[in-house]
Structures are given as structure tokens and as C-alpha cells.
Amino acid sequence: MGLFDFLKVTVKDEKKAAPRRPNASAGPSNVIEFDGKSFPLAGVSHKGFVATGFDGSLIPSQTARITLRVDDAYGKFSFAATVTIEEVKGGSVSGAWNMLPPEVEATIRKYLQIRKQKTGK
């Protein structure tokens, strides 16, 4: 063993892995998010939203700050908003927007129009 053997140590270059992105074949990812939780979006309009798979962590009349993300064949957008929870029932939650900026409301209306044209719903 030589005096300078410690200089022969090799160090692996450990680069961080790229962040995982949802697989495109996984289908649409329309969700609401709050407090680090995510719930599938069942419906959205210029008045509010409905989400499923809800865990009951919000109660009716409660005000909450959520992020809505839409990424499907009809549009891709996201925004943060303050909502008033209207109903929590059977694993679903519905809420009404407190105040939406006009550009966000226009984006939602355009999304709904495109979806209606393509699906008839």
C-alpha cells in the first residue's frame, strides 16, 4: 500500500434522474389539487367544479385554495383559485369559484365549447 493510494479512488458521477412525467398513454389527467392531495376532476364550468375520489378533508361552506389542472384532448390549462365548497357527498366534492379572472373564465368557456363540439356533451 502506497502513501498516495487514496488518490486512486474513483467516484461515480451520480446525476439526478429526470423528473417522471405522466405517460401519454395513461389518458387524460384532469385533477384538482390542494394540500398536496390530488383528486380526479369529474366536471368543470365557469361556475365551479366537481371532483371524485374525495377523502372528505374539506367541509361544506369552507373556503379553500385549489389548483385545477386540465390536460386532455380538448385543452391544456391550469390555474389556482379560491373556492367555496358546496357539497361533499359519496366520495365527491363540488365547489364554486369565488372570483375568477376574466381570462380564466374565457379559457374554461372555450374548453367547454371545444369539448361539446367534439363529443356532443
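Criteria and thresholds
Residues numbered from 1 in each chain as written. Predicted model: local features only at pLDDT ≥ 70, side-chain atom pairs only at ≥ 80, totals over all residues. Heavy atoms only, no water. pLDDT = per-residue confidence, 0-100. Contact = heavy atoms within 4.5 Å. Helix = DSSP H or I, 4+ residues; strand = E, 2+ residues; numbered from the N terminus. Expected span 1.5 Å × (residues − 1). Buried < 20%, exposed > 50% of the residue type's maximum accessible area, 1.4 Å probe, protein only. Arc of directions from axis to C-beta. Pairing = 2+ DSSP bridges. Axes fitted to C-alpha atoms, helices over the stretch in contact; angles between N-to-C directions.

1. Description of the confidence of the model for the protein chain
Per-residue pLDDT for the protein chain averages 85, and the proportion of residues at 70 or more is 77%. In the model, residues 18-26 has pLDDT below 50 throughout and makes zero contacts with residues more than four positions away in sequence or in other chains.

2. As for helix α1 (residues 102-119)
Taking 1.5 Å per residue, 18 residues should reach 26 Å; α1 reaches 26 Å between its end C-alpha atoms and fits that length. Residues of α1 that are buried: Val104, Ile108 and Tyr111. Down the axis of α1, the sector holding all buried residues measures 60 degrees, keeping them to one side. Every exposed residue of α1 that faces more than 90 degrees away from the buried side is listed here: Pro102, Glu103, Lys110, Lys116 and Gln117. Along its buried surface, α1 packs onto β2 (37-44), β4 (63-72), β5 (75-89) and β6 (92-97).

3. Brief notes about the sheet that holds β4
The strands making up a sheet associate through backbone hydrogen bonding, with each pair oriented either parallel or antiparallel. Strand order in the closed barrel made by the six strands is β1-β2-β3-β6-β5-β4, with antiparallel pairing throughout. Taking the axes of each pair of neighbouring strands and ignoring which way they run, one obtains an average angle of 45 degrees across the sheet. With four bridges joining them, strand β3 (residues 48-51) and β6 adopt antiparallel strand pairing. Opposite Val50, over in β6, you have Ser94 as the bridge partner. Sheet strands touched by α1: β2, β4, β5 and β6. Its angle to β5, the strand with the most contacts, is close to 95 degrees.

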